[in-house]
Amino acid sequence: MSQRPLGRSGLSIAPLVFGGNVFGWTADEATSFRLIDVFVDGGFDAIDTADAYSVWVPGHEGGESETVIGRWLAAGGRRDRIKILTKVAKSPKRPGLSAANIVAALEDSLRRLNTDYVDLYQSHEDDAATPQDETLEAFDRLVKAGKVRAIGASNFSVDRLEASLKTSADKGLVRYESIQPKFNLYDRDEVEGPLADLAAREGVGIIPFYGLAAGFLTGKYRSEADLEGKARGRTVARDYLNEKGFRVLAALDEAAEATGATQAQVALAWIVAHPAITAPIASATSVAQLEELLAGVRLTLPPEVIATLDAAGR
């Protein structure tokens, strides 16, 4: 599997990041282990998690996803075959980006992950109450200590990301090498435009989430009736069952027929082919789902199909 550089960090990753939010939640430990094995054996290597996953589940405290990954490593998974991307700031136990919290949260994550370093340590969200130089100085110390290889950001505005990059440059501190925004064939505003321009200019990698738009881009949900009993039904109905959404589905149907792929594979292949994107994040709760995603990453869309999809999603 070809590798893509992750910003200017010196790290490189295959063009799909496994969204580990499902580990210990909708995928139990045994299933999670199998998913990681299939993902890695398929030539992929980056797994995204966070200390806050999956605090939203009743009875969970956060850190469940990291714990599953750590147990996979303890059960014989090779650390050198995966790059672990985790995050700090949104855990109720370790909120924010103060220096003290970053250090404490990392120690918690390393213990759960059963490792002595994280490949990419990310700010899960911005923290306007903490000066950016305090946050970056803390990250810088962790990189110099060998506990973190590189840092990234998630859910930052373009202005705040740009300000952070300037602070790093001015003070000689480690800088954010990646950004995680929402991005898919329908939701394009967060990336296309100022963020893509900044990332290209500064050499920042973009690893977006929500690649299948809550499942809408699989083509399975085309009416209110299709959404009955679905956990994400309300989101899909509110955000995607509209004129633009139906236009996107029509283009996906056409592309699927032309390529012999599924709508989900086409939607993912379109993101992978986008010039601004390093690698999308996507998750699966079964081996069959994961194999479909991996096939989508390997799918090369003809230029005319990409053009048709581009036009439909604007």
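Our structure is the block above this text.
Keep in mind the model is a prediction, meaning the values are calculated, not measured.

The rules behind these values
- Residues numbered from 1 in each chain as written.
- Predicted model: local features only at pLDDT ≥ 70, side-chain atom pairs only at ≥ 80, totals over all residues.
- Heavy atoms only, no water.
- 1 Å grid on protein atoms, 1.4 Å probe; cavity = no way out; pocket = protein on both sides within 12 Å on 5 of 7 lines; lining within 4 Å.
- Points joined across faces, edges and corners; volume = space filled by probe spheres on them.
- Helix = DSSP H or I, 4+ residues; strand = E, 2+ residues; numbered from the N terminus.
- Phe/Tyr/Trp six-rings, centres within 6.5 Å; stacked < 30°, edge-to-face > 60°.
- Buried < 20%, exposed > 50% of the residue type's maximum accessible area, 1.4 Å probe, protein only.
- Nonpolar A, V, L, I, M, F, W, Y, C, P; charged D, E, K, R; others polar.
- Axes fitted to C-alpha atoms, helices over the stretch in contact; angles between N-to-C directions.
- Parallel < 35°, antiparallel > 145°, perpendicular 65-115°, else oblique.
- Contact = heavy atoms within 4.5 Å.
- Lys, Arg positive; Asp, Glu negative; His and termini not counted.
- Salt bridge = Lys/Arg side-chain N within 4 Å of Asp/Glu carboxyl O.
- Core = buried A, V, L, I, M, F, W, Y, C linked by side-chain atoms within 4.5 Å.

Undergrad: Quick rundown of the layout of surface pockets? Include the residues and the values.
TA: Estimates place the volume of the largest pocket at around 1400 Å³. Forming the walls of the largest pocket are 38 residues, and the residues nearest its centre are Asn21, Val22, Ala214, Arg232 and Ser283. For the lining of the largest pocket, the elements supplying multiple residues, two or more each, are β10 (281-282) and α10 (287-298). The leading source of residues in the lining of the largest pocket is α10, at three residues.

Undergrad: With reference to specific residues and values, describe the packing of aromatic side chains.
TA: If you walk through the whole model with that rule in mind, you get 11 aromatic pairs. Each ring, one from Trp25 and one from Trp56, has its centre 5.1 Å from the other, and the planes form 80°; the classification is edge-to-face. You can see Trp25 sitting in the loop between β3 (17-19) and α1 (29-41) and its partner Trp56 sitting in the loop between β4 (46-48) and α2 (64-74), a full 31 residues away along the chain. Note on Trp25: relative accessible area 37%, which makes it partly exposed. Arranged with centres 5.4 Å apart and planes meeting at 70°, the rings of Phe156 and Tyr176 form a pair that is edge-to-face. One end of the pair, Phe156, is in the loop between β7 (148-154) and α5 (158-171); the other, Tyr176, is in strand β8 (residues 176-180), and 20 residues separate them in sequence.

Undergrad: Describe empty space enclosed by the protein, and please don't skip the residues or the numbers.
TA: This structure, assessed with the given rule, holds one cavity of 30 Å³ or more. Considered as a void within the structure, the largest cavity measures approximately 50 Å³ in volume. Around the largest cavity, the lining residues are Leu97, Asp126, Asp127, Thr130, Gln132, Thr135, Leu136, Phe156, Arg160, Ser164 and Tyr176. For the lining of the largest cavity, the elements supplying multiple residues, two or more each, are α4 (132-144) and α5. A per-element tally of the lining of the largest cavity places α4 first, with three residues. Residues that form the lining of the largest cavity fall into these classes: four nonpolar, four polar and three charged.

Undergrad: Describe the packing of helix α8 (residues 243-259) against helix α11 (residues 303-312), with residues and values.
TA: Close contact between α8 and α11 brings their axes to 8 Å; oriented N to C, the two are set at 170°. As far as their axial angle goes, α11 and α8 are roughly antiparallel. Listed contacts from α11 to Lys244, Arg247, Val248, Ala251, Leu252, Glu254 and Ala255 of α8 are Val305, Thr308, Leu309, Ala311 and Ala312. Classifying every residue of the contact of α8 with α11 by side-chain character gives eight nonpolar, one polar and three charged.

Undergrad: Please give an account of the side chain of Glu64 that cites residues and values.
TA: Here Glu64 shows up in helix α2. No salt bridge is formed by the buried Glu64; the nearest opposite charge belongs to Arg112, separated by 7.6 Å.

Undergrad: Can you tell me about unusual backbone geometry, naming the residues and giving the values?
TA: For the bond from Tyr53 to Ser54, the omega torsion is 5°, close enough to zero to count as cis. Structurally, the position occupied by Ser54 is in the loop between β4 and α2. Despite not being glycine, Ala213 shows a phi value in the positive range, around 50°. Along the chain, Ala213 turns up in the loop between β9 (205-206) and α7 (233-239). The phi dihedral of Ala214 falls on the positive side, at around 60°, and the residue is not glycine. Mapped onto the elements of the fold, Ala214 is located in the loop between β9 and α7.

Undergrad: Kindly report on the nonpolar core, identifying the contributing residues and their values.
TA: In this structure, Leu16, Phe39, Tyr121, Leu217, Leu252 and Leu309 are the most contacted members of the largest nonpolar core, which totals 92 residues. Sort the elements by how many residues they give to this core and helix α9 (residues 263-273) lands first, with eight residues. With residues near it in sequence (within four places) discarded, Leu217 still touches Asn184, Leu185, Gly211, Leu212, Val248, Leu252, Gln263, Ala264 and Ala267. Counting 11 residues, the second largest nonpolar core, distinct from the first, contains Val17, Ala46, Leu120 and Ile207.

Don't take any of this as a statement about function, it's just geometry.
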